[in-house]
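# Geometric and topological summary
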Amino acid sequence: MSIFGKIFIRAGMAIALLSVAALEADAFERRGKDKILVIANRQKVPTMDPSIKYDASIRTIQNGVYDALTKYVGSPPKVTPWLASKWDVSADNKTYTFHLVKNAKFHNGDPVTAEAVRWSYARTLKLGKGPAWMLNAFLKAENIKVIDDHTVSMTLDRAYGPFISFVPWWYIMNPKTVMANEVDGDMGQKWMIENEAGSGPYKLKRNQPGTLLELERVQDYWKGHKGKLGGILYRIIRESSAQRAALVKGEADIVTGLTPDEFEQVAKMKGMVTSTQPALTAFGLKYNCKAEYTSDINVRKAIAYAYDYDAFVKIFNGRAKLQTSPFSDDIKGKIDVPGMPRKDMAKAKAFLAKSKWPNGGFEIEYVYVQGFEVERQMGLVLIDALRPLNITVKMVPLTWSNMVARGSKVETSPHLMAIFATPVSTDPDAVAIQYHPSSFGRYYGSHYYDNKEVHALIEKARFLSTWEERKPLYEEIQKRLVADQPEIFGMMRKRMIVYRDWVKGFGYSPVRMTAEVDLYPLYIGK
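Just so you know, these numbers come straight off a predicted model, no measurement behind them.

So, how was this worked out
- Residues numbered from 1 in each chain as written.
- Predicted model: local features only at pLDDT ≥ 70, side-chain atom pairs only at ≥ 80, totals over all residues.
- Heavy atoms only, no water.
- Helix = DSSP H or I, 4+ residues; strand = E, 2+ residues; numbered from the N terminus.
- Rg over C-alpha atoms; globule rule 2.2 N^0.38 Å.
- Buried < 20%, exposed > 50% of the residue type's maximum accessible area, 1.4 Å probe, protein only.
- Contact = heavy atoms within 4.5 Å.
- Areas by Shrake-Rupley, 256 points an atom, 1.4 Å probe, with all protein chains shown as cover.
- Lys, Arg positive; Asp, Glu negative; His and termini not counted.
- Charge placed at Lys NZ, Arg CZ, Asp CG, Glu CD.
- Core = buried A, V, L, I, M, F, W, Y, C linked by side-chain atoms within 4.5 Å.
- Pairing = 2+ DSSP bridges.
- Axes fitted to C-alpha atoms, helices over the stretch in contact; angles between N-to-C directions.
- Parallel < 35°, antiparallel > 145°, perpendicular 65-115°, else oblique.
- Left-handed = near helix turned anticlockwise from the far one by under 90°.
- Polar contact = N/O pair within 3.5 Å; in protein donor to acceptor, adjacent residues only side chain to side chain.
- Phe/Tyr/Trp six-rings, centres within 6.5 Å; stacked < 30°, edge-to-face > 60°.
- Lys NZ or Arg CZ within 6 Å of the ring centre and 35° of its normal.
- pLDDT = per-residue confidence, 0-100.
- Salt bridge = Lys/Arg side-chain N within 4 Å of Asp/Glu carboxyl O.

## Here we look at the overall build of the chain
Looking only at helices and strands, the chain features 17 helices and 24 strands. A compact globule built from 526 residues should have a C-alpha radius of gyration of about 24 Å, and the chain, at 23 Å, falls within 12% of that. Judged by the C-alpha coordinates and their principal axes, the chain covers about 70 × 60 × 45 Å. Relative to its full complement of 526 residues, the chain shows a buried share of 59%. Taking the intrachain contacts of the chain between residues at least 6 apart in sequence as the baseline, contacts between residues at least 24 apart amount to 71%. Within the structure as shown, the chain displays about 20100 Å² of accessible surface, and the carbon and sulfur contribution to it stands at 51%. Side chains of the chain give 73 positive and 57 negative charges; the mean places of these two sets differ by 3 Å.

Structural data, given as structure tokens:
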């Protein structure tokens, strides 16, 4: 029997021990008369700083304590006014003028002003981290101008059609609060790791790094609230079995990290609601294209053709769909690329024969998220798949933060790293840019893919003025990526979030990561 088969026999035996009905217990906690909603997530929140970093856990907290000029709402995702009540665009499509709401205030009571917007954008652009890559190719800090207290303009170096689609991820900070905590010219970076300076619907009450964060609802939030809630307790629980137990025992209201088998069982329990909508998220095994062995295109192709792609879908109990392009299905301009690898051992052996190691005899490193069972299973499938090629696999589980650190340098990025990547926009630039040198060192750019012709196509496509001009370039980019194989292009999975039926206001938008939760609309209806 294959490793893959054994995985599911063991999983089935374990799941069979689950109760068929959830315990009738209130998971939400209480602080006096206030109800506190409890969320369990696998990833810790290594920083809260909007200028520095984002992932599913970080962005869940950031969109709770901060506001942006605009926000993604609904499915299909729509950019809606938020701190900006409206905006104007110049005839040449280069200058955007945002008109701010007049009642927004930061958590310390200061008003949200145009200067705060200017400063926040300038800080993120200067630090050059986190979301900076989205806009720094065409927006300079000196071209962000305060018109009056509630009007700010941004003039791009050149027209960029998708500009507004990236604005929702640029959160506005209180410059007075941040700079009061500056140390040695760091623009408050050290303080902002564990603190916040936002205007969002929640404010930070307690932060125990690596364990939990407690957010207090801002009852007089400028945009108002629906339903009653005192706050949110965000617990870091890495093991899926522990998340399941917390949900069933009444210790969590929302869990985001169950294995597919646990999800299927828990979803059937009384009082459970699921979020299973498709997302823009794609999963791939990213090669390090500069590492020994995987720098050879023939080795990359051999591994790609050896992998059992059906396992991607089976592991998620059918709640996944194989990619037919490096672009996920809802990305504008996505095509079905001919020649996408599927399991074919004859082709795998033929490609390996053209490499420097025709008989295999080497070991590659596969790095995945510690405690994330589906990625562990994918590694076991990889071991099984590469055995006929005489290639061994060293499986290395790491915490997410340590994985990101490994991928941040070409010298330490592993041969293969398991990555879920969610585009921040439906525009194809949001995916294509992941294969550009500007993304090297980020978790989605751990491939260090070096093809200057493709890089030039990406740069050109970004700034063409019409879709008719851009469309053929993105089609070519997709084909080139498949040909060069910087990763094993895997699958698109559905969300697998479970919450108790007294949780109300749970929203969905496909631009949110599969484990990301929009905290603003949540309340307890019990």
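## What to know about the nonpolar core
Counting residues in hydrophobic clusters, the biggest one holds 173 residues, and the most contacted among them are L69, F98, Y121, F163 and L522. Per-element accounting of this core gives the leading share, seven residues, to helix α3 (residues 114-127). Apart from residues lying up to four places away in sequence, L69 is in contact with P81, W82, L83, A84, F98, L100, V117, Y121, M154, V167 and W170.

## Considerations on the sheet that holds strand β16 (residues 282-287)
With respect to topology, six strands assemble into an open sheet ordered β17-β21-β16-β20-β18-β19, the strand pairing being mixed. In this open sheet, the two edge strands, each paired with only one partner strand, are β17 (320-322) and β19 (391-398). Pairs of neighbouring strands in the sheet enclose a mean axial angle of 25 degrees, with direction left out of account. In this structure, β16 lies alongside strand β21 (residues 487-493), joined through four bridges in antiparallel fashion. For L285, the partnering residue across the bridge sits in β21 and is I488.

## Let's talk about the packing of helix α10 (residues 297-306) against helix α12 (residues 345-353)
With their axes 8 Å apart at the nearest point, α10 and α12 run at an angle of 165 degrees to one another. It follows that α10 is roughly antiparallel to α12 by the angle criterion. Here the hand of the crossing between α10 and α12 comes out left-handed. Between α10, through N298, V299, K301, A302, Y305 and A306, and α12, the contact on the second element is made entirely by M345, K347, A348, F351 and L352.

## Quick look at the side chain of H436
Summarising the element assignment, H436 is placed in the loop between α15 (429-432) and α16 (452-463). Under the relative-accessibility criterion, H436 is labelled buried at 12%. Engagement of the side chain of H436 in a polar contact is seen with the side chain of S438, the distance being 3.0 Å. H436 has contacts with H455, I458 and E459, leaving out every residue within four places of it along the chain.

## Re the packing of aromatic side chains
A full pass over the atoms with the stated rule returns 31 aromatic pairs. Of the aromatic side chains, those joined through ring pairs into one cluster are W133, F138, Y160, F166, W400, Y443, Y444 and F463. Over the ring of F463 we find R158, and its NZ or CZ is 3.6 Å from the ring centre. In this structure, R342 packs its charged tip against the face of Y309, placed 5.2 Å from the ring centre.

## Here's the deal with the pairing of strand β20 (residues 416-421)
Counting buried positions over the six residues of β20 gives six, a clear majority of the element. In β20, alternate side chains face the same way, and those of L416, A418 and F420 on one face and M417, I419 and A421 on the other are all buried. By the bridge criterion, six bridges tie β16 to β20 in an arrangement that is antiparallel. The residue bridging L285 from the neighbouring strand is A418, located in β20. Of the pairings in the sheet, the one linking strand β18 (residues 362-369) to β20 comprises two bridges and is parallel in character. The residue of β20 that forms the bridge with Y366 is L416.

## With respect to the confidence of the model for the chain
Detail in the predicted coordinates should be disregarded across regions flagged by low pLDDT. This prediction gives the chain a mean pLDDT of 92; 94% of its residues lie at or above 70. Ignoring residues within four places in sequence, the model shows residues 8-24, a span with pLDDT below 50, making 27 contacts including any to other chains.

## Side note on the pattern of salt bridges
Applying the stated criterion to the full structure yields 26 salt bridges. R387 is paired through a salt bridge with D384; the nearest N and O atoms lie 2.8 Å apart. Residue class for R387 comes out partly exposed when judged on its relative accessible area of 49%. Judged by its relative accessible area of 24%, D384 falls in the partly exposed class.

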